[in-house]
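Chain and residue survey
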Protein chains: 2
Amino acid sequence: MKPISLRSVIASLAALAVTFGLLLPTAAAAQADPLPSWNDGPAKQAIVNFVKVTTDQSNPEFVPPEERIATFDQDGTLWVEHPMYTQVEYCLERVPAIVKAKPELANVEPFKTVMSGDREAMAKLPTADLEKILYATLTGMTMDDFRAEVAKWIAAAKDGHWKRPYTELTYQPMQEVLSYLRANGFKTYIVTGGGQDFVRVYAERVYGIPPEQVVGTMGGTSYSYDQDGKPILTKDPKLLLNDNDAGKPEGIHLMIGRRPVAAFGNSSGDQQMLEHTGAGDGARLEMLVLHDDPTREYAYGPAEGLPDTKVGTFTQALYDEATTHASIVVSMKNDGDRVFAFE
Amino acid sequence: MKPISLRSVIASLAALAVTFGLLLPTAAAAQADPLPSWNDGPAKQAIVNFVKVTTDQSNPEFVPPEERIATFDQDGTLWVEHPMYTQVEYCLERVPAIVKAKPELANVEPFKTVMSGDREAMAKLPTADLEKILYATLTGMTMDDFRAEVAKWIAAAKDGHWKRPYTELTYQPMQEVLSYLRANGFKTYIVTGGGQDFVRVYAERVYGIPPEQVVGTMGGTSYSYDQDGKPILTKDPKLLLNDNDAGKPEGIHLMIGRRPVAAFGNSSGDQQMLEHTGAGDGARLEMLVLHDDPTREYAYGPAEGLPDTKVGTFTQALYDEATTHASIVVSMKNDGDRVFAFE
């Protein structure tokens, strides 16, 4: 009979643990870095510390699980928004089908400009014209047809710069924050200026965020019956809530009914969401993503020498506010070890 | 040394189980009735069978956990709606405070009638007048003030018939359905014609349903700043969505973005929600509560000899539809062993 070795005791205990469905965490697993794509620095430290204090029952800043609500802007915060919002790209690419169905639109602005294929002219279209395109391409069909169209498009369409599906252009450091927060009992929400119905089509697959946790710009629907008497929902050209600026806290209230404890944005359109989050009691996390990496992604916004642009505006005032108050600026260049998963 | 008895072996195994945090289900526990307040019958059987098939991976009607959405009307389905909706009671009781703040309303209808205390005259107020009372008492204040007012009222107010808090007048059989579905991975939602903000104040405590799972009639809010520069949300007299009739599937789409697999209602205002739920593929559960118990609760609606009323109308047509299609009618009189937990 062999003498009992420490090794065999450990093996027996491990077997017993397996038998009883137990997980024995190793020292390595317990210390695994939850944010491996983040460089060490104040931003990473702020996230880790926030999770630590809000999930520790003995800490005065403990937050009960049901109140762990974290909200994320999408365009420019979770994925690339340059040179054009992905949803606007979708709408522009839908125009030929719309014009085919209604040929009388071919010579009417703004459809004429879009049909010309002149990207520069399209980029200069005024907001009112852009709205006409959005209404023409996002409403007037059943919800089922809309979902099918978007799903088909998003599976095939590619970004002009990286030549990859838009859904691969999510920021790996932010994907890690989403997972890290969820692993610690937070409910993660998208709160986007983009269309709620549009983002819902892919949010579960791309971010692990289910449709009921997508808050966006909301349009009305009409319940009716098709010719076979089957109930249908049709997308109406009626705006219920513009989920930008003050619309973000209003949309959060409407859809969630609780004040978030953490919020992530990147532009002036996120300012009110960040303020609203920060105005609550106890531990708060408000982060602003600064696009300052022209090599790995884009540089725009208020950082010294960077041009301000129409898309993803992050004003100097918001930047100043962020750096003098509790908000934390996340530098794409310095805080991320990488920008994309495919790097 | 005592001989090893079966009893001591079982005790040792039980101790081991406790040590390893295991739960050994006993035969009794495994067979415990999840719906103890329900009498045996087709309604109870339908619920148990639905849960069985939708949660069994080997069953063709299996529903993945993320799609297990169940929606419940509130008034008349989860709690008493007679002789007046609880929220209307709240609004009427708020009128004196409104008139005190704006004395010029004292002689203006419909405030004059409410101030007179004449319940019969109040019950006869036309819808347009009722809306004036709702806007006056439910809007124009900050969300925080509104929540505090409702919480204070609901903690103290009592129903005129049972002399108990309204929050005790929930139907015990339906509370058991909520718990049973949640224990089987369903997300339970309230989908009410009542005010979304109103019901959210107490839904978590009373039904275990968090604010983000309350869908109701939705009013607009405005984000602004108080005199100290602190962000506030104010309730506006602006209707975003009337969550009744066709508004129910529209509200479900807006707030959840998925079609429910189970829905529970009791009136014509729930018909479209039930239809919408039933129009999906796979296993479906659509239930209609019939108030036919004048002894333990109230009798109203389409059952033979029962008077039809303005509140909680359940038309003969809906009843006929229910009894000829897949929907199942739940009789308060015959399907429930009890109506309230306090019986």
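Parameters at a glance
Each chain carries its own residue numbering, running from 1 in the direction its sequence is written. Throughout, the order in which chains and ligands are written sets their labels, letters from A for the former and numbers from 1 for the latter. pLDDT decides what is reported in this predicted model: residues at 70 or higher carry local features, side-chain atom pairs at 80 or more are listed and counted, and totals for whole chains, interfaces and linings draw on all residues regardless. Calculation of side-chain values draws on the structure's entire complement of heavy atoms; hydrogens and water are dropped beforehand. Each helix is a run of H or I in the DSSP string that is no shorter than four residues. Each strand is a run of E no shorter than two, and both are numbered from the N terminus. In this description, contact between two residues means that some pair of their heavy atoms is separated by no more than 4.5 Å. For two strands to be treated as a pair, DSSP must find no fewer than two bridges joining them. Axis angles are defined between N-to-C directions and span 0 to 180 degrees, where every axis is a line fitted to C-alpha atoms and, for a helix, only to the segment in contact. Only protein chains enter the area calculation, which uses a 1.4 Å probe; residues under 20% of their type maximum are buried, those over 50% are exposed, and those in between are partly exposed. Within 6.5 Å between ring centres, the rings of Phe, Tyr and Trp (the latter by its six-membered ring) count as paired, and their orientation is classed by plane angle as stacked under 30 degrees, edge-to-face over 60, tilted in between. Salt bridge, as used here, is a side-chain nitrogen of Lys or Arg placed within 4 Å of a carboxyl oxygen of Asp or Glu. As used here, buried area is the combined drop in accessible area, with a 1.4 Å probe, of two parts when they are placed together. Between N or O atoms, a polar contact is any pair within 3.5 Å; within protein, one atom must be a potential hydrogen donor and the other a potential acceptor, and residues adjacent in sequence are included only when both atoms are from side chains. In the scheme used here, Gly and all other residues not listed as nonpolar or charged are polar, with Ala, Val, Leu, Ile, Met, Phe, Trp, Tyr, Cys and Pro taken as nonpolar and Asp, Glu, Lys and Arg as charged. Remark: nonpolar core denotes a set of buried residues (Ala, Val, Leu, Ile, Met, Phe, Trp, Tyr, Cys) joined through side-chain atoms within 4.5 Å. The copies are overlaid by a least-squares fit using only the C-alpha atoms of residues whose pLDDT is at least 70 in both copies. For the handedness criterion, the strands are oriented away from the viewer, and a crossover whose path from the first strand over the helix to the second runs clockwise is classed as right-handed.

Focus: the overall build of chain A
- Counting secondary structure elements, chain A contains 13 helices and 7 strands.
- Sequence separation of 24 or more characterises 65% of the internal contacts of chain A that already satisfy a separation of 6 or more.

Some details on the sheet that holds strand E6 (residues 285-290) of chain A
Residues and elements named next belong to chain A.
- A sheet is described by the order of its strands in space; here 7 strands give the open sequence E4-E3-E2-E1-E5-E6-E7, paired in mixed fashion. Both outer strands of the open sheet, strand E4 (231-241) and strand E7 (328-331), are each paired with one neighbouring strand and no more. The mean inter-strand angle of the sheet, taken between neighbouring strand axes irrespective of direction, is 35°.
- Direction of pairing for strand E1 (residues 69-72) relative to strand E2 (residues 187-195): parallel, over a ladder of 4 bridges. If you follow isoleucine 69 over to E2, its bridge partner there is lysine 187.
- This element, helix H3 (residues 42-54), spans strand E5 (262-265), E6 and E7 of the sheet and lies at about 155° to E6.
- Sheet strands in contact with helix H12 (residues 271-278) are E1, E2, E5 and E6, and its direction is about 165° off that of E5.

Things to note about helix H10 (residues 196-207) of chain B
Residue and element names in this part refer to chain B.
- Most of H10 is tucked away: 9 of the 12 residues are buried.
- Within the sequence span of H10, burial applies to Gln196, Asp197, Phe198, Val199, Arg200, Tyr202, Ala203, Val206 and Tyr207.
- Just downstream of H10 lies glycine 208, where phi reads positive at about 70°.

Description of the packing of aromatic side chains
All names here are of chain A.
- Tallying each qualifying case throughout the model produces 26 aromatic pairs over all chains.
- Plain terms: the ring middles of tryptophan 79 and tyrosine 202 are 5.2 Å apart, the flat faces sit at 25° to each other, and that makes the pair stacked. Here tryptophan 79, found in the loop between E1 and helix H4 (86-101), pairs with tyrosine 202, found in helix H10 (residues 196-207); they are 123 residues apart in sequence, far enough to count as distant.
- On the basis of relative accessible area, tryptophan 79 is assigned to the buried category, the value being 1%.
- Tyrosine 202 gets classed as buried once you look at its relative accessible area, which sits at 1%.
- Their ring planes at 75° and their centres at 5.5 Å tell us that tyrosine 223 and tyrosine 225 sit as a pair that is edge-to-face.
- For tyrosine 223, a relative accessible area of 9% gives the class buried.

Details of the pattern of salt bridges
- For the coordinates displayed, the defined rule picks out 30 salt bridges over all chains.
- For the salt bridge of arginine 258 of chain B with glutamate 212 of chain A, the shortest nitrogen-to-oxygen distance reads 3.0 Å. Here glutamate 212 of chain A lies in the loop between H10 and strand E3 (214-225) and arginine 258 of chain B lies in the loop between helix H11 (247-255) and strand E5 (262-265), a pairing that spans two chains.
- Exposure remark for arginine 258 of chain B: the relative accessible area of 13% places this residue in the buried category.
- Among the ionic contacts, a cluster of salt bridges with common partners joins Lys187 and Arg258 of chain A together with Glu204 and Glu212 of chain B.

Focus: the pairing of E4 of chain A
All names here are of chain A.
- Of the strand pairs in this sheet, E3 and E4 are connected by 7 bridges, and their pairing is antiparallel. Across the sheet, serine 222 pairs through a bridge with threonine 234, a residue of E4.
- Connecting E3 to the next strand, E4, in antiparallel fashion are 5 residues, including glycine 229 with a positive phi near 85°.

Here we look at the interface of chain A and chain B
- Between chain A and chain B, the contact holds 38 residues from the first and 38 residues from the second.
- In total, about 3500 Å² of surface goes out of reach between chain A and chain B, with carbon and sulfur atoms giving 54% of it.
- Taken as a group, Glu212, Tyr223 and His253 of chain A account for 19% of the area that chain A buries against chain B, more than any other trio of residues on that side.
- Counting every contact that joins chain A to chain B gives 6 salt bridges.
- The shortest N-O distance in the salt bridge between glutamate 212 of chain A and lysine 187 of chain B comes to 2.8 Å.
- One can count 24 residue pairs in polar contact (both at pLDDT 80 or more) joining chain A with chain B.
- Of the residues belonging to the side of chain A that touches chain B, the class tally is 19 nonpolar, 8 polar and 11 charged.

Details of the nonpolar core
All names here are of chain B.
- Of all hydrophobic cores here, the largest spans 70 residues; its most connected members are Phe72, Tyr207 and Phe264.
- If you tally residues by element for this core, the top one is helix H4 (residues 86-101), at 7 residues.
- Each residue touching tyrosine 207, except ones within four places of it in the same chain, is listed here: Gln74, Leu78, Trp79, Thr170, Gln175, Leu178, Arg182, Ile190 and Tyr202.

With respect to the sheet that holds E5 of chain B
- A sheet is described by the order of its strands in space; here 7 strands give the open sequence E4-E3-E2-E1-E5-E6-E7 (chain B), paired in mixed fashion. At either end of the open sheet lies a strand with only one pairing partner, and these are strand E4 (231-241) and strand E7 (328-331) of chain B. Geometrically, the sheet is characterised by an average inter-axis angle of 35° between neighbouring strands, direction not taken into account.
- Note that strand E2 (residues 187-195) of chain B and strand E3 (residues 214-225) of chain B share 3 bridges and pair parallel. The partner of glycine 195 of chain B across the bridge, within E3 of chain B, is threonine 217 of chain B.
- Against the sheet, H12 of chain A engages E3 and E4 of chain B, with an angle of about 95° to E3 of chain B.
- Packed on one face of the sheet, helix H12 (residues 271-278) of chain B meets strand E1 (69-72), E2, E5 and strand E6 (285-290) of chain B and runs near 165° to E5 of chain B.

Some thoughts on the relation of the copies chain A and chain B
- Expressed as a screw transformation, the operator carrying chain A onto chain B has a rotation angle of 180° and an axial translation of 0.0 Å, and the superposed copies differ by an RMSD of 0.0 Å. In the structure described here, the two chain copies are related by an operation that fits a two-fold rotation axis.
- Taken together, the interface assignments show that 100% of the residues at the interface of chain A recur at the interface of chain B, consistent with an identical surface on both copies.

Some details on the pairing of E6 of chain B
Residue and element names in this part refer to chain B.
- A large share of E6 lies buried, amounting to 6 of its 6 residues.
- Alternating positions in E6 separate into two faces, Leu285, Met287 and Val289 on one and Glu286, Leu288 and Leu290 on the other, with burial throughout.
- The sheet contact formed by E5 and E6 spans 4 bridges and is parallel. Counterpart to glycine 265 in the pairing with E6 is leucine 288.
- Assessed by its sense of winding, the connection that carries the chain from E5 through H12 to E6 is right-handed.
- As judged from the 4 bridges shared by E6 and E7, these two strands associate in the parallel manner. Each residue of the ladder has a partner; that of leucine 288, found in E7, is valine 329.

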